[in-house]
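Breakdown of the fold
For reference, the chains in residue letters:
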Amino acid sequence: MQTVYNAGHAQHAATHEFFRGRLVPAFEVPARADYILGAVQKAGLGEVLVPVDHGRAPLERVHAARYLRFIAGAHTEWLATGGEGDAFPAVWPVRTLRSDVEPASFAARLGLYSMDSGTPLTAGSWAAAYAGAQASLTALDLVLAGQRSVYVLTRPPGHHAGADFFGGYCFINNAAVAAQAARDAGLKRVAILDVDYHHGNGTQAIFYDRADVFYASVHGDPRTEFPFFLGHADETGAGEGAGCNANFPLPVDVANEDWFAALEQALARLTAYRPELLVVSLGVDTYGGDPISHFKLDEPEFRRMGRRLAAFGAPTLFIQEGGYATEAIGRNVVAVLGGFEG
Ligand code: SP5
Ligand code: ZN
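As annotated in an unreviewed UniProt entry, the protein chain is Acetoin utilization deacetylase AcuC-like enzyme from Roseateles saccharophilus. The record held by UniProt for the protein chain lists under Cofactor (unreviewed entry) the comment "Zn(2+)". Quoted verbatim from the Sequence similarities (unreviewed entry) field of UniProt, the annotation for the protein chain is "Belongs to the histone deacetylase family."

Observations regarding helix α6 (residues 174-184)
Burial runs high along α6: 9 of the 11 residues are buried. Buried residues of α6: Asn-174, Ala-175, Ala-176, Val-177, Ala-178, Ala-179, Gln-180, Ala-181 and Ala-182, and no others. At the exit of α6 stands Gly-186, carrying a positive phi of roughly 115 degrees.

A short note on helix α1 (residues 30-43)
When the terminal C-alpha atoms of α1 are compared, their 20 Å separation across 14 residues agrees well with the 20 Å that a helix rising 1.5 Å per residue should span. Residues of α1 that are buried: Arg-32, Ala-33, Tyr-35, Ile-36, Ala-39 and Val-40. Looking down the long axis of α1, one finds its buried residues gathered within 160 degrees of arc, a one-sided arrangement. Residues of α1 that are buried make contact with β1 (2-5), β4 (48-49), β5 (149-153) and α10 (326-341). Positive phi shows up at Gly-44, right after α1, with a value of about 60 degrees.

Parameters and conventions
- Residues numbered from 1 in each chain as written.
- Chains lettered and ligands numbered in written order.
- Predicted model: local features only at pLDDT ≥ 70, side-chain atom pairs only at ≥ 80, totals over all residues.
- UniProt positions renumbered as here; feature names shortened; annotations may be inferred.
- Buried ≥ 20, exposed ≤ 12 C-beta atoms within 10 Å, placed from the backbone.
- Helix = DSSP H or I, 4+ residues; strand = E, 2+ residues; numbered from the N terminus.
- Expected span 1.5 Å × (residues − 1).
- Arc of directions from axis to C-beta.
- Contact = placed C-beta atoms within 7 Å.

Printed below as a string of structure tokens:
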């Protein structure tokens, strides 16, 4: 399997994130991608390719242009308005407050375009996230040209980012950009399967009222797990998209067999949908040793996951999402991809 590697990932490098009123060491760090690249190379998974620049237009197909302009210049504005180091939002337009009028204040816009204070916006966040979207588009081209599967090795991750907000360590929704580009290339039905520990609230929201992209996710129950405010089983799509969204929230102490039973249910829905492309939001924070998550998958389960996804039988685009047990993440990702390869 070919890998498209976003070598620009390290431009997004936060030392700390905000948690419970304190700055704690960041979990989403450049070493994550370095470990994965090392494991991909050591395993001899296949060629490692560089992204081809497709420009900003494919990003604007899922993200608001004003949001992208904001993110592109946000850190410069943060510094110009007296900020130091990484930028963190502190005020949000919640219920009864207006989000339709863009404020002039930078602090207010930082809140308008974000969902949490746990996502450091660094000097290089835009450059790294932009390059990750380009890696995703490059990998999609390879799949459309006939590759059975391609892996996108990138960070920051994407599935929490909505059409006009960042959060959950995510800025550009790579899976959504790729799925939309596949539609724009002529594919009729695209499935996104999200196996990250966290519900991909951004991806779900982007496609919620559409029937041309089906979103299915297996994740920690949002009653106790991030992102808390989306990912329940009763979210099944709206309007033309009714029936094209499927969530499988699981308790934090779920047995591995029950995780696979939920995966089976998700795949049954996607089989009935008959997609021409499967985009996998591949988070490996379902690993038993993950420092911020609670599932108990390990290398044999990741290998089994890969085998099962191969049996699904669709052209498959794997896009890296979460996974924070830094030294194990390479092994776990390669187990999925190696399992897929058979
Ligand atoms: C892409 C992805 O996996 N995003 C996850 C974002 C989770 N953000 C909340 C992190 C909370 C960190 N909790 C630290 C607990 C340490 N015991
Ligand atoms: Zn996650």
